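For reference, the chains in residue letters:
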Amino acid sequence: MKVLYFGGQKSGKSTLAEQKALEIASSKPYYIATYDNSFDDTEMKDRVLKHQIQREDSFITIEEPKDFISKIESGNTYLIDCVSMWILNSLENEEEELLEELEKLRDIEANIVFVLNDVNSGVIPFDKESRKFVDLTGIIGQKLASLCDEVYEVKLALQNRLK
């Protein structure tokens, strides 16, 4: 089963995605953290710590900022948190390359729960890099929605099933 949770920042999507991964897992699931810790960003480190405390030891954590797809094996359950960070870490890649990577997931018999930030409801960003990030987030989101069996929009910790 493949499931997508998307929503705005601090909407509750990670918590719901964690619950879903634990619900569908037949053994201890994997949590693939995509944040690139090489930046000296204290606020992001605090966010990561909150996520770690929240999930306690319910998951086996794998830190993989760029190539999370290579970590996925058939028969396991994975939570990818979050695809938005993977996009940010992959801005130097072409759109087609990222879509081809995601397409590989179609044939893997694993439970995968994706978390994606919804950043496409605002204005068009002024700078080129921000526009590329927003555009890729929308394009990747469409691809994930097509790959997933279930898709949930999250607002205020409430989920609305779209698919």
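Above: the structure in question.
All figures in this text were calculated on a predicted structure; none of them were measured in a lab.

Things to note about the sheet that holds strand β2 (residues 30–33)
No. 1: A sheet is described by the order of its strands in space; here 7 strands give the open sequence β3-β2-β4-β5-β1-β6-β7, paired in mixed fashion. Each end of this open sheet is capped by a strand with a single partner; those strands are β3 (60–63) and β7 (158–161). Across this sheet, the average inter-strand angle for adjacent strands is 20°, counted without regard to direction.
No. 2: Two strands pair when backbone bridges link them, and strand β1 (residues 2–7) and strand β5 (residues 111–117) are joined in this way by 6 bridges, in the parallel orientation. Across the sheet, the residue bridging to F6 is L116, located in β5.
No. 3: Seen against the sheet, helix α1 (residues 13–24) touches β1, β2, β4 (77–81), β5, β6 (150–155) and β7 and runs at an angle of roughly 175° to β5.

Regarding the state of the cysteines
No. 1: In the structure shown here, the tally under the stated rule is 0 disulfides.
No. 2: For the unlinked cysteine C82, the closest cysteine sulfur is that of C148, found at 14 Å.
No. 3: The buried category is assigned to C82, whose relative accessible area is 9%.
No. 4: The class for C148 is buried, based on a relative accessible area of 2%.

Side note on the pattern of salt bridges
No. 1: Scanning all chains against the criterion turns up 8 salt bridges.
No. 2: Put simply, E150 and R161 hold a salt bridge, and the shortest N to O gap is 3.8 Å. Taken together, the residues span a long stretch of sequence, with E150 in strand β6 and R161 in strand β7 at a distance of 11 residues.
No. 3: Residue class for E150 comes out buried when judged on its relative accessible area of 8%.
No. 4: Sharing partners across several salt bridges, the network here consists of K20, E23, E150 and R161.

Points about the packing of aromatic side chains
No. 1: In total, this model carries 4 aromatic pairs according to the counting rule given.
No. 2: Ring plane angle 20° and centroid distance 5.2 Å describe the contact between Y30 and Y78, whose orientation is recorded as stacked. Linking Y30 in strand β2 with Y78 in strand β4, this pair joins segments that are 48 residues apart in sequence.
No. 3: With a relative accessible area of 1%, Y78 lands in the buried category.
No. 4: Pairing Y31 with F59 gives two aromatic rings, centres 5.8 Å apart and planes at 75°, and the pair type is edge-to-face. You can see Y31 sitting in strand β2 and its partner F59 sitting in the loop between α2 (42–55) and β3, a full 28 residues away along the chain.
No. 5: For Y31, a relative accessible area of 3% corresponds to the buried category.

What to know about the environment of E109
No. 1: With respect to the element layout, E109 can be found in the loop between α4 (95–103) and β5.
No. 2: Each C-alpha atom of the pair E109 and I72 lies 9.5 Å from the other, and the pair is 37 residues apart in sequence.
No. 3: Every residue in contact with E109, bar those within four places of it in the chain, is listed here: S74 and G75.

Conventions adopted
Residues numbered from 1 in each chain as written. Predicted model: local features only at pLDDT ≥ 70, side-chain atom pairs only at ≥ 80, totals over all residues. Heavy atoms only, no water. Pairing = 2+ DSSP bridges. Helix = DSSP H or I, 4+ residues; strand = E, 2+ residues; numbered from the N terminus. Axes fitted to C-alpha atoms, helices over the stretch in contact; angles between N-to-C directions. Contact = heavy atoms within 4.5 Å. Disulfide = S-S within 2.5 Å. Buried < 20%, exposed > 50% of the residue type's maximum accessible area, 1.4 Å probe, protein only. Salt bridge = Lys/Arg side-chain N within 4 Å of Asp/Glu carboxyl O. Phe/Tyr/Trp six-rings, centres within 6.5 Å; stacked < 30°, edge-to-face > 60°.

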